[in-house]
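The primary structure of each chain is shown beneath.
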Amino acid sequence: MSTEVPGDERRTLLAFVESQRTALREAAQGLTEEQAASRPSASELSVSGLLKHAATCELGWLRMAQGETERPEGDWADGFRLVGDETITSVLALWDEVRQETESFILAVPSLDDSFPLPPAPWFPQDTKVSMRWMLLHLVEEFARHAGHADIVRETIDGTRAMG
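Report follows, based on the coordinates.

**What to know about the overall build of the protein chain**
Helix and strand counts for the protein chain stand at five helices and two strands. Listed N to C, the secondary structure of the protein chain is α-α-α-α-β-β-α in terms of helices and strands. Scaling as 2.2 N^0.38, a compact globule of 164 residues should have a C-alpha radius of gyration of about 15 Å, and the protein chain matches this with 16 Å. Dimensions of the protein chain, computed from C-alpha atoms along their principal axes, come out at roughly 45 × 40 × 25 Å. Residues counted as buried form 39% of the 164 residues belonging to the protein chain. Contacts in the protein chain between residues at least 24 apart in sequence constitute 73% of all its contacts with a sequence separation of at least 6. Counting only carbon and sulfur atoms, one obtains 52% of the accessible surface of the protein chain, whose full area is about 9300 Å².

Pasting the structure below:
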């Protein structure tokens, strides 16, 4: 459950982001690598793929907020599945590093009203900037959506609800 930090908007927003991160991560608890990589529903989503996507998504938003504009290369679909020597453990370790960097960055940024441009993409309005506050709220939205996906996939795998 997210906890408000009275009088501290940054820490409150970070707590909501963390709450949704936790909900998504809980879907993987107790699964083998094979179970976590399975796609038992009509979608192409797996629990491990959702974890990887969320970690790399957060990293991408963090880099944009920091002014780095390089887009990662590679197969879009590989962003939703573990490839090579990636494991649940390695993806969660990456996400832990990203989480720490996001928190440090947000706590150090002069204002949550500071903004950065969105990259050119068909799904973004042209020449639009968003605030740090918007980014954090977007991460809550993104992680909550995928926590729901992961919960359904997990329940399909073994009947366990992620938040049960």
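From this point on, the discussion continues.
**Focus: the packing of aromatic side chains**
Enumeration according to the criterion identifies five aromatic pairs in this entry. Each ring, one from W61 and one from F124, has its centre 5.9 Å from the other, and the planes form 75°; the classification is edge-to-face. Of this pair, W61 sits in helix 3 (residues 47-65) while F124 is found in the loop between strand 1 (115-117) and strand 2 (129-131), placing the two residues 63 residues apart along the sequence. Neither residue differs from the other here; W61 and F124 are each classed as buried. By the ring-pair criterion, three or more aromatic residues cluster together here, those being W61, F116, W123, F124 and W134.

**Quick notes on the nonpolar core**
With 44 residues, the main nonpolar core has L51, W61 and W95 as its most contacted residues. Sorting elements by how many residues they give to this core places helix 3 first, with 10 residues. If sequence neighbours within four positions are ignored, W95 has contacts with R21, L24, R25, L51, A54, A55, E58 and F143.

**Some remarks on the layout of surface pockets**
For the second largest pocket, the calculated volume is near 170 Å³. Taken together, A37, R39, E44, L45, S46, S48, W76, A77, F80, R81 and L82 form the lining of the second largest pocket.

**Topic: unusual backbone geometry**
One non-glycine residue with positive phi stands out, namely D127, at about 55°. Residue placement: D127 occurs in the loop between strand 1 and strand 2.

**Quick look at the side chain of Q20**
With respect to the secondary-structure elements, Q20 resides in helix 1 (residues 9-26). When its relative accessible area of 19% is taken as the criterion, Q20 is described as buried.

**Quick notes on the packing of helix 3 against helix 4 (residues 88-108)**
Where helix 3 meets helix 4, the closest approach of the two axes is 9 Å, and the angle between their N-to-C directions is 30°. It follows that helix 3 is roughly parallel to helix 4 by the angle criterion. Of the two possible hands of crossing, helix 3 and helix 4 adopt the one that is left-handed. Contacts between helix 3 and helix 4 pair S48, L51, K52, A54, A55, T56, E58, L59, L62, R63 and A65 from the former with I88, V91, L92, L94, W95, V98, R99, E101, T102 and F105 from the latter. Of the residues assigned to the contact of helix 3 with helix 4, the class counts are 13 nonpolar, three polar and five charged.

**Here we look at the pattern of salt bridges**
Scanning the model with the defined rule gives 15 salt bridges in all. Taking the shortest distance from any N to any O, the salt bridge between R21 and E18 comes out at 2.5 Å. Here R21 and its partner E18 are both found in helix 1, three residues apart, which amounts to about one turn of the helix. Here E18 falls in the partly exposed class, since its relative accessible area comes to 29%. E68 is the salt-bridge partner of R63, the closest N and O atoms lying 3.8 Å from each other. Members of the salt-bridge network, linked through shared partners, are E9, D113 and R133.

Basis of the calculations
- Residues numbered from 1 in each chain as written.
- Predicted model: local features only at pLDDT ≥ 70, side-chain atom pairs only at ≥ 80, totals over all residues.
- Heavy atoms only, no water.
- Helix = DSSP H or I, 4+ residues; strand = E, 2+ residues; numbered from the N terminus.
- Rg over C-alpha atoms; globule rule 2.2 N^0.38 Å.
- Buried < 20%, exposed > 50% of the residue type's maximum accessible area, 1.4 Å probe, protein only.
- Contact = heavy atoms within 4.5 Å.
- Areas by Shrake-Rupley, 256 points an atom, 1.4 Å probe, with all protein chains shown as cover.
- Phe/Tyr/Trp six-rings, centres within 6.5 Å; stacked < 30°, edge-to-face > 60°.
- Core = buried A, V, L, I, M, F, W, Y, C linked by side-chain atoms within 4.5 Å.
- 1 Å grid on protein atoms, 1.4 Å probe; cavity = no way out; pocket = protein on both sides within 12 Å on 5 of 7 lines; lining within 4 Å.
- Points joined across faces, edges and corners; volume = space filled by probe spheres on them.
- Axes fitted to C-alpha atoms, helices over the stretch in contact; angles between N-to-C directions.
- Parallel < 35°, antiparallel > 145°, perpendicular 65-115°, else oblique.
- Left-handed = near helix turned anticlockwise from the far one by under 90°.
- Nonpolar A, V, L, I, M, F, W, Y, C, P; charged D, E, K, R; others polar.
- Salt bridge = Lys/Arg side-chain N within 4 Å of Asp/Glu carboxyl O.

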